[in-house]
Structure formats: structure tokens, C-alpha cells
2 protein chains.
Amino acid sequence: MSNDDHLHIPPDASFSRRIPDQDDRERVVCNTCDYVIYENPKIVVGVVATWQEKILLVKREIEPRRGYWSLPAGYLELNETAEDGAAREAWEEARAKLTIDQILAVYSLPRISQIQIIYRAKLCNPDVSAGPESQEVTLFDWHNVPWQDLAFPTVGWALNQYHSIRDKNEFPTFTNPR
Amino acid sequence: MSNDDHLHIPPDASFSRRIPDQDDRERVVCNTCDYVIYENPKIVVGVVATWQEKILLVKREIEPRRGYWSLPAGYLELNETAEDGAAREAWEEARAKLTIDQILAVYSLPRISQIQIIYRAKLCNPDVSAGPESQEVTLFDWHNVPWQDLAFPTVGWALNQYHSIRDKNEFPTFTNPR
Ligand SMILES: [Zn+2]
Ligand SMILES: [Zn+2]
């Protein structure tokens, strides 16, 4: 739990892959000063956002899984809160304005070194439209969710978990389903 | 929400800092194949772990905040689930064996580009001891928590939020206190 990280890298730095002193695995290390660039798991932030009973999904314009349906979600950026990042992605991908309610789920995808933080959110209005990374955006009734054409397993997890607590004001955060 | 990232870095790779094609800022880029190492927000995982009513804290042996008390916590590693990372840190810092219960809190620290995921956990036994990054480890009664000597604000947030739900089986995950 260290607070002293900052981004090193003088313009002329070069890096190579080796095991730093007092470490036990290979890292990318500056050849001049031994600064280590740790490659870390990435954080994806997203939303299950609704208008009345309808759920916002976006059809992906980009690979992977172009043409399949996903939640508005993407990588958290530097100097951003998780909530702000989730709202930013909803705007970028679906031109959606929303209010974050609470954390629906935290998923671990260790094979791809990814943590996903998915929020439950309410749309401020039903006016949504495709951003540059989306082919299409739709507010789906539950019985019309395109289950066969979801982009990623986590989209289905989040939708089902959302559905199970849709009438609750408070609920414990979900994790990967068993 | 992309699943296609993977960690590059052949053993003989070298990297330098430059602006990749179609980007607008300097990145650390492989000199051979133009693979870009993006620097992303980091994930800290930790635990509020208890034995009976007592709460496990560790006195830091390392900077920053050497000599101050913290929760067992540290950076999530590649290819690790958040739960496994939290349990690993408890072992490394306090030689603690525990069972993760549920997610206590998700904090955003945008100034330092950090997301902290803190779990509630039960120690399997009270046999804890200092790991190499700790000066001391102690199981504190609530009224003996060293409030004046906590290492980071998030430690106090987590302790107070834990205390408020200590008798509940289920609770909504906390975020930064207002
Ligand atoms: Zn250097
Ligand atoms: Zn390369």
C-alpha cells in the first residue's frame, strides 16, 4: 500500500527485461537507474444502466467482438475515479448521461490480468446514441436481451446479477459467479 | 471492455520512450515491434481481517510511512484474482491465514491513480507474525486501534466502515467516505 509511485522515464531512457535486486520475477527495468516499470493488472469500469425497466447495451464497432453487444465499459484512465470512469465510458460509447447508484460487481479475470468494476446506474433520460466505438445502442427489455450475441461472459454475469437485485435498494456486491 | 491484451516482452526486448503512431503522448515502446506498455491506474488489494473481535494491523517496515500502522495490503499482481492477492498480502506482511468474506470497500484515489479493493476476512487462527516488510503485527481491540499512527487515510476509512457493519452478514460495499 505505497503512495510514492510516479511515472519515471527520462526522454533518453532505455529499458530491458530482468529480475531486479530483491525481487523474484522479471520486470521491465531502466538500464540507467534501475527504475522498474511494473506491469500491472488493468481496471475496466462499466455500468448496467437502466431507463425505467430497460437496460442499455452497446453494439461494438471495434475488435475484439465487433458486432456483439456489451455494457458500456472500458479502461480506467490515470487520475480518474472508478465512478467517473464508468460514467465517461457510458458517454463515450452511448452518449448516455447517468447517475451512478452503487457497485454491482467486482470481477477478477486473472488469465487476462483484468479487474472489472461494474456499477448499477440510472439514466437521466432515454436519449442515447452510438459514440464512435459503437455501431448501435439500444435500451432492451429484459426478455429481449440478445443473450446469444453478448460480447463477453462478464456481460451476461452482470446482467443476471443486476436482474436478481433490480428491486433492492441495497445489496452486497457480486463477484465472479460460481 | 477489451479482452485481447496480453503482456509482451520477449527476454531480449528493449524499450524506449516515444510517441507511437496514432497516439498523442509519449509511451514506453518496444524497440523491435512497437508494442506499447501503457501505464495504467494501479490496483491495491487488502483486508480488514479479524480474530474474534480483534483487528489485524501491520506496522510498516518500508517507506512510505515506515513505522506507521496499516492494513495488510499491496499491489495486485499479474494473473491473480483480487481475492487471492488480498490473501497473499496478508500472508506476506503478517503470516496470516484467512478466509475472505466479502468486499468491504472500493476506494478511488485519483491523484495517485490508485483503486483499492478491501475485503472483510476472518483469520483462521491468531498466529500472526511480521513478514519482511513489517516491523510488527498486532491484533488490536477496537478501543486500542492506534488512530494517531495510521499510515494512510484509507486505513481509517476501512476500519470505521468495517466497524459499522461488523455484526452484519451482508452489506453494500463502501466507497470513499464523504
Ligand atoms: Zn532511469
Ligand atoms: Zn516487441
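Reading the values: the criteria
The written sequence of each chain sets the order in which its residues are numbered from 1. Labels are handed out in written order, letters beginning with A for the chains and numbers beginning with 1 for the ligands. The predicted nature of this model means local features are confined to residues of pLDDT at least 70 and side-chain atom pairs, given and counted, to a pLDDT of 80 or more, with totals for whole chains, interfaces and linings taken over all residues. Side-chain measures here rest on the full set of heavy atoms in the structure, leaving out hydrogens and waters. Every case where a carboxyl oxygen of Asp or Glu lies within 4 Å of a side-chain nitrogen of Lys or Arg is listed as a salt bridge. When accessible area is computed with a 1.4 Å probe and restricted to protein chains, residues below 20% of their type maximum are described as buried, those above 50% as exposed, and intermediate ones as partly exposed. Residues below a pLDDT of 70 in either copy are left out; the C-alpha atoms of the rest, at least 70 in both, set the least-squares superposition of the copies. Contacts are assigned to residue pairs that have any heavy atoms within 4.5 Å of one another. UniProt positions are given in the numbering used here, feature names are shortened, and annotations may be inferred rather than shown by experiment. Numbering of helices and strands starts at the N terminus; helices are DSSP runs of H or I of at least 4 residues and strands are runs of E of at least 2. For our purposes a nonpolar core is just a set of buried Ala, Val, Leu, Ile, Met, Phe, Trp, Tyr and Cys residues, chained together by side-chain atoms within 4.5 Å.

A. Spatial organisation of the pattern of salt bridges. Considering all chains together, one arrives at 18 salt bridges over all chains under this definition. With a closest N to O distance of 2.5 Å, Arg88(B) and Glu80(B) form a salt bridge. Relative accessible area serves as the criterion here: at 17%, Arg88(B) is assigned to the buried category. Across the pair Glu89(B) and Arg88(B) runs a salt bridge whose closest N-O atoms are separated by 3.0 Å. Linked through salt bridges whose partners overlap, the residues forming this network are Glu77(A), Glu80(A), Arg88(A), Glu89(A) and Glu92(A).

B. Region of the structure containing the relation of the copies chain B and chain A. Note on the identical chains: chain B maps onto chain A by a rotation of 179° and an axial translation of 0.8 Å, with an RMSD of 1.1 Å. Within this description, the copies of the chain are treated as partners about a two-fold rotation axis. Mapped onto chain A, 97% of the interface residues of chain B are again interface residues, and the two copies thus contact each other with one and the same surface.

C. Representation of the UniProt feature "domain: Nudix hydrolase" (unreviewed entry) in chain A. When the UniProt feature table is mapped to this numbering, "domain: Nudix hydrolase" (unreviewed entry) covers residues 40-167 of chain A. Helix makes up 20% of residues 40-167 of chain A and strand 40%, with an end-to-end C-alpha separation of 37 Å.

D. How the structure looks around the nonpolar core. Counting residues in each nonpolar core, the largest one holds 45 residues, and the members touching the most others are Leu56(A), Ile117(A) and Ile117(B). When sequence neighbours within four positions are dropped, the list of residues in contact with Ile117(B) reads Val106(A), Ile115(A), Ile43(B), Val44(B), Val45(B), Gly46(B), Ile103(B) and Ala105(B).

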